[in-house]
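Residue strings, one per chain:
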Amino acid sequence: MIHRRPLLTCLAASTLLLAAPALQAQGAVRQEPLKLIVGYPAGGSADAVARMLADKLKDELNTTVIVDNRPGAGGAIAAEYVKNAPADGHTILVANTHMLVMIPLTFKAVRYDPLKDFQPVGRVSSFYVAIAVPSAMPATTVAQWIDLARANKKDSSFGVPAAGSISQFIGYRLGKDAGADMLPVPYRGSAPLVQDLLGGQIAAGIVPIADVAAHHQAGKLRVLAVNGARRSDLLPSVPTLAENGLRQFDALEWVGLFAPPATPRATLQPLQAALARVLATNDIKAGLAKIGMQSDPATPDELGKLIADELAKWGPVVKASGFTAD
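Residues numbered from 1 in each chain as written. Predicted model: local features only at pLDDT ≥ 70, side-chain atom pairs only at ≥ 80, totals over all residues. Heavy atoms only, no water.

A word on the nonpolar core. Nonpolar side chains tend to gather and get buried jointly when the protein is soluble and globular. If you look at the biggest cluster of nonpolar residues, it comprises 78 residues, and the most contacted ones within it are Leu 53 and Trp 145. The greatest single-element share of this core, amounting to eight residues, is contributed by helix H2 (residues 45–61). (Core = buried A, V, L, I, M, F, W, Y, C linked by side-chain atoms within 4.5 Å. Buried < 20%, exposed > 50% of the residue type's maximum accessible area, 1.4 Å probe, protein only. Helix = DSSP H or I, 4+ residues; strand = E, 2+ residues; numbered from the N terminus.)

Pasting the structure below:
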């Protein structure tokens, strides 16, 4: 006599055992929450990007996604935390150009290597930097602004959102290449800088495009140029620096995801696949556009090469400027 119930039970158990790895590979089974570590306070652009991703990734990965803000030292505290986190794919750094390019170039005491201490997951977004002047300034091109700066010291000052930011070295290189002595003025963020531009208290500002686009459109400020290989969709009438004959500023600033260095690539593949799907959605594209960014996915290898290229490009510029944040 054949006992059918025990046989069926065994078959069912075997089926579940075979299916479990496939479910895990698809992200259907994930025991620990995914933590997105942000190096800046809640409410900023990096935090906004992380929260947009968290809202979408939780469904794609069928898990809880937590945004963990660890501000301080321009993002270096968060970077160090992720560098030393378990390499299990559950702790991911939301990093930007400043954290992984400018801080290593400007801080002597930085305790992480951007190329060795992180495993790239993928680029999320990119954004333009704009060169803006008060509407009362007669300059309508970057060359005209530099000519004014060469003739009058008060026109040589340019505000930047933070000391040691990429904006500072864009301004430095513009002046150096043109033989003009430009004076960087660091602010604590873009908001006070834009207020001084609107009040005519500083000659120029080099800031993320989202901080000045509306003022340019209203005629309260004038954006002379943006970086990048092509014009920004946010201000399509504004030329690029390349169109002004300045072709060394094609690369945009970016935001990307990174894991601890020993994280196996296979462990990160479900997150990479989910990230690609999320970045293709209209919701994410629209959300990023609201904060002046664009969805701009790139593979781990492409992102790693971008960081290496940016370090090689800006390293000599930072050294020549004599700037150090320590």
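With that settled, consider the side chain of Glu 253. Tracing the backbone shows Glu 253 in strand S10 (residues 253–259). No salt bridge is formed by the buried Glu 253. Its closest oppositely charged neighbour is Lys 313, at 11 Å. If near-sequence neighbours (up to four positions away) are discounted, Glu 253 is found in contact with Thr 97, Ser 125, Ser 126, Phe 127, Val 129 and Ile 166. (Lys, Arg positive; Asp, Glu negative; His and termini not counted. Salt bridge = Lys/Arg side-chain N within 4 Å of Asp/Glu carboxyl O. Contact = heavy atoms within 4.5 Å.)

Positive phi outside glycine occurs at Asn 62, with the angle close to 55°. Looking at where Asn 62 falls in the secondary structure, it is placed in the loop between H2 and strand S2 (65–69). At Ala 73, a residue that is not glycine, the phi angle is positive and equals roughly 55°. Ala 73 gets classed as partly exposed once you look at its relative accessible area, which sits at 48%.

Taking 1.5 Å per residue as the helical rise, helix H11 (residues 300–321) with its 22 residues ought to reach 32 Å, and the 31 Å between its terminal C-alpha atoms agrees with that figure. The largest bend in H11 is about 30°, located at Trp 314, with the proline Pro 316 one to four residues further on. Looking only at H11, the buried set comprises Pro 300, Leu 303, Leu 306, Ile 307, Glu 310, Leu 311, Trp 314, Gly 315, Val 317 and Val 318. Looking at the buried side of H11, the elements it contacts are helix H4 (97–106), strand S4 (119–127), helix H6 (166–178), S10, helix H9 (265–279) and strand S11 (294–298). (Expected span 1.5 Å × (residues − 1). Bend = angle between axes of the 7 residues up to and from the residue.)

Moving on, we come to the packing of aromatic side chains. Applying the stated rule across the entire model yields five aromatic pairs. Note on Phe 169 and Phe 323: the rings are 5.8 Å apart at their centroids and 75° apart in plane angle, and the pair reads as edge-to-face. Pair noted here: Phe 169 is in helix H6 and Phe 323 is in the segment after H11, with a separation of 154 residues, a long-range link. The exposure class of Phe 169 is buried, given its relative accessible area of 0%. With centroids separated by 6.4 Å and ring planes inclined at 40°, the aromatic side chains of Phe 249 and Trp 314 adopt a geometry described as tilted. With Phe 249 in the loop between strand S9 (221–226) and S10 and Trp 314 in helix H11, the pair connects residues that are 65 residues apart, well separated along the chain. Per residue, the accessibility class of Phe 249 equals that of Trp 314, and both read buried. For the cation-ring pair, Arg 70 lies above Tyr 81, with the distance from its terminal atom to the ring centre recorded as 3.8 Å. (Phe/Tyr/Trp six-rings, centres within 6.5 Å; stacked < 30°, edge-to-face > 60°. Lys NZ or Arg CZ within 6 Å of the ring centre and 35° of its normal.)

Turning to empty space enclosed by the protein, a few remarks are in order. Under the definition given, this model contains one cavity of 30 Å³ or more. Each pocket or cavity is described by its volume, and for the largest cavity that value is around 70 Å³. Looking at the largest cavity, the residues that line it are Thr 97, Ile 166, Ile 170, Asn 227, Gln 248, Phe 249, Ala 251, Leu 252, Glu 253, Glu 310, Lys 313 and Trp 314. For the lining of the largest cavity, the elements supplying multiple residues, two or more each, are H6 and H11. (1 Å grid on protein atoms, 1.4 Å probe; cavity = no way out; pocket = protein on both sides within 12 Å on 5 of 7 lines; lining within 4 Å. Points joined across faces, edges and corners; volume = space filled by probe spheres on them.)

On to helix H7 (residues 190–198), then. Helical geometry: 3.6 residues make up each α-helical turn, so side chains three or four residues apart lie on a common side. Restricting attention to buried positions, one finds in H7 the residues Ser 190, Leu 193, Val 194 and Leu 197. The arc that holds the buried residues of H7, viewed along the axis, is 100°, so those residues lie on one side. In this structure, H7 carries Ala 191 and Gln 195 as exposed residues pointing more than 90 degrees from its buried face. Elements in contact with the buried residues of H7: strand S5 (129–134), strand S6 (157–160), strand S8 (204–208), helix H8 (213–217) and S9. Positioned one or two residues after H7, Gly 200 has a phi angle of 70°, which is positive. (Arc of directions from axis to C-beta.)

What follows covers the environment of Glu 302. Relative to the helices and strands, Glu 302 resides in helix H11. Residue classification places Glu 302 among the partly exposed residues on the basis of a relative accessible area of 47%. Sequence separation between Glu 302 and Pro 120 is 182 residues; the distance between their C-alpha atoms is 9.0 Å.

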